[in-house]
Amino acid sequence: MSTNKLEARALTKRFGDLEVLHEVSASISEGEFVSLVGPSGCGKTTFLRIISGLDTADGGAIEVDGRAISGPGRDRGFVFQSDSLLPWRNIFDNTIVGLELAGRMSPEDMARTRKLLDLVGLAGFENYFPRQLSGGMRQRVNLARALAIDPELLLMDEPFSALDAQTREIMQGELQRIWEEGRKTVLFVTHQIDEAVFLSDRVLVFARRPGRILEEVTIDLPRPRTMATKRDPKFVALVDHIWKLIEHDVRESVLLEHG
Ligand SMILES: Nc1ncnc2c1ncn2[C@@H]1O[C@H](COP(=O)(O)OP(=O)(O)O)[C@@H](O)[C@H]1O
Ligand SMILES: [Mg+2]
């Protein structure tokens with residue numbers, strides 16, 4: 001019997017002639033926070049979409065709690081890069097979209113949703129509309145919405161990339177706090193190495209063409225982590241180690257994009 005929350009075995013994916021993922025295997029245990037870092041175009045989003053069931057692999061297998069999955073499910077919550085809020089719905093109604101689709105509209109579900117909005121620092125904003133909120137607040141609504149369905153596994157694809165540097169730092173701290181409280185199993189994608197190290201128990205470092213895991217780096221920094229953690233020589237050494245692993249690929253991807 002597997003004790004892993006998520007087990008991905010030898011996932012392979014091609015788009016035409018391009019092999020995007022080559023036999024990527026990863027396991028994540030219950031309550032673990034794992035990040036995926038790698039240069040732009042290395043297949044991070046593709047990997048996450050396959051885990052979420054939004055896309056299918058050409059080879060390999062995925063299990064959540066030992067069950068094979070073949071499509072989207074409410075055991076997995078997804079937070080996208082850009083916020084995907086419905087402009088005509090207020091914040092509360094945006095947060096319950098997933099519950100609504102699942103037909104879960106009990107008073108308990110509604111009460112739990114209010115608590116989640118509180119948890120992400122949005123108590124009092126239930127009746128506001130997305131356009132009335134800042135980028136950081138909208139990304140918090142996204143997070144609350146993914147948490148509202150109470151997923152076994154939270155999948156996050158560069159959720160903070162649209163935020164300015166200060167807001168991003170604050171959101172990293174917030175996410176850590178929320179994770180400490182709920183102990184969800186999280187798979188978090190970012191191209192920012194320090195963000196991955198700050199948040200994670202383990203970082204999976206991706207290489208590109210084809211996307212594959214170069215190394216798994218265990219982050220044994222004590223929790224809770226604070227701003228001071230980012231100046232800890234051990235933190236700096238971990239970031240440096242990961243950067244050296246992907247530096248070549250990053251330079252190449254930057255040159256390809258801008259050359
Ligand atoms: N639907 C698609 N059709 C064709 N190519 C795609 C598609 N989605 C992604 N790709 C390509 O697959 C590669 C990996 O993309 P992606 O998973 O988005 O990388 P990342 O999220 O790491 O930046 C890129 O070269 C991208 O252009
Ligand atoms: Mg991506």
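Residues numbered from 1 in each chain as written. Chains lettered and ligands numbered in written order. Predicted model: local features only at pLDDT ≥ 70, side-chain atom pairs only at ≥ 80, totals over all residues. Heavy atoms only, no water.

**Some remarks on the layout of surface pockets**
Working step 1: Taken as a whole, the largest pocket holds about 520 Å³ of empty space.
Working step 2: In this structure, the largest pocket is lined by 19 residues; those nearest its centre are Arg76, Gly77, Phe78, Gly98 and Ile149.
Working step 3: Of all the secondary-structure elements, those providing two or more residues to the lining of the largest pocket are strand 6 (76-79), helix 3 (97-101) and helix 5 (135-148).
Working step 4: Class assignment for the residues of the lining of the largest pocket results in 10 nonpolar, 6 polar and 3 charged.
Working step 5: Two domains share the lining of the largest pocket, each providing at least three of its residues, namely domain 1 (1-70 + 152-159 + 185-225) and domain 2 (76-150). (1 Å grid on protein atoms, 1.4 Å probe; cavity = no way out; pocket = protein on both sides within 12 Å on 5 of 7 lines; lining within 4 Å. Points joined across faces, edges and corners; volume = space filled by probe spheres on them. Helix = DSSP H or I, 4+ residues; strand = E, 2+ residues; numbered from the N terminus. Nonpolar A, V, L, I, M, F, W, Y, C, P; charged D, E, K, R; others polar. Domains from an automatic or database assignment.)

**Focus: the site of ligand 1**
Working step 1: Taken together, the residues surrounding ligand 1 are Phe15, Leu18, Val20, Pro39, Ser40, Gly41, Cys42, Gly43, Lys44, Thr45 and Thr46.
Working step 2: Within the side chain of Lys44, a nitrogen or oxygen atom sits 2.9 Å from an oxygen atom of ligand 1.
Working step 3: Between an oxygen atom of ligand 1 and a side-chain N or O atom of Thr46, the distance comes to 2.5 Å.
Working step 4: Taken by itself ligand 1 offers 560 Å² of open surface, and the protein chains cover 59% of this. (Near = heavy atom within 4 Å. Polar contact = N/O pair within 3.5 Å; in protein donor to acceptor, adjacent residues only side chain to side chain. Areas by Shrake-Rupley, 256 points an atom, 1.4 Å probe, with all protein chains shown as cover.)

**Quick notes on the sheet that holds strand 5 (residues 67-68)**
Working step 1: Pairing is antiparallel across the open sheet formed by 4 strands, whose spatial order is 2-1-4-5. Among the strands making up the open sheet, the edge pair consists of strand 2 (18-29) and strand 5.
Working step 2: Sheet analysis places strand 1 (residues 4-15) next to strand 4 (residues 59-64), joined by 5 bridges and oriented antiparallel. Bridge assignment links Arg9 to a residue of strand 4, and that residue is Ala61.
Working step 3: In this fold helix 1 (residues 44-52) packs onto strand 1, strand 2 and strand 4, with an angle of close to 120 degrees to the strand it touches most, strand 1. (Pairing = 2+ DSSP bridges. Contact = heavy atoms within 4.5 Å. Axes fitted to C-alpha atoms, helices over the stretch in contact; angles between N-to-C directions.)

**Structural notes on the sheet that holds strand 3 (residues 33-37)**
Working step 1: Taken together, the 6 strands give an open sheet; going across it, the order is 6-7-8-3-9-10, and neighbouring strands pair in mixed fashion. Since the sheet does not close on itself, it has two edges, and those belong to strand 6 and strand 10 (212-218), each with one partner. If you compare each strand with its neighbour and ignore which way they point, the axes differ by 20 degrees on average.
Working step 2: Sheet contacts for helix 1: strand 3, strand 6, strand 7 (153-157), strand 8 (185-190) and strand 9 (202-207); angle to strand 7, the most-contacted strand, approximately 155 degrees.
Working step 3: On top of the sheet, helix 5 reaches strand 6 and strand 7; it is set at about 170 degrees to strand 6, its chief contact.

**Section: the domain arrangement of the protein chain**
Working step 1: Domain annotation for the protein chain reports domain 1 (1-70 + 152-159 + 185-225) and domain 2 (76-150).
Working step 2: Taking the mean C-alpha position of each, domain 1 and domain 2 sit 25 Å from one another.
Working step 3: Contacts between the two partners involve 16 residues from domain 1, matched on the other side by 11 residues from domain 2.
Working step 4: Taken together, the two surfaces of domain 1 and domain 2 that pack against each other cover about 1100 Å², and 60% of this comes from carbon and sulfur.
Working step 5: Linking domain 1 with domain 2 are 7 residue pairs in polar contact (both at pLDDT 80 or more).
Working step 6: Residue assignment for the side of domain 1 that touches domain 2 shows that the elements contributing at least two residues are helix 1 and strand 7.
Working step 7: In terms of residues, the side of domain 1 that touches domain 2 owes the most to one element, strand 7, which gives 5 residues. (Buried area = accessible area lost by both parts, 1.4 Å probe.)

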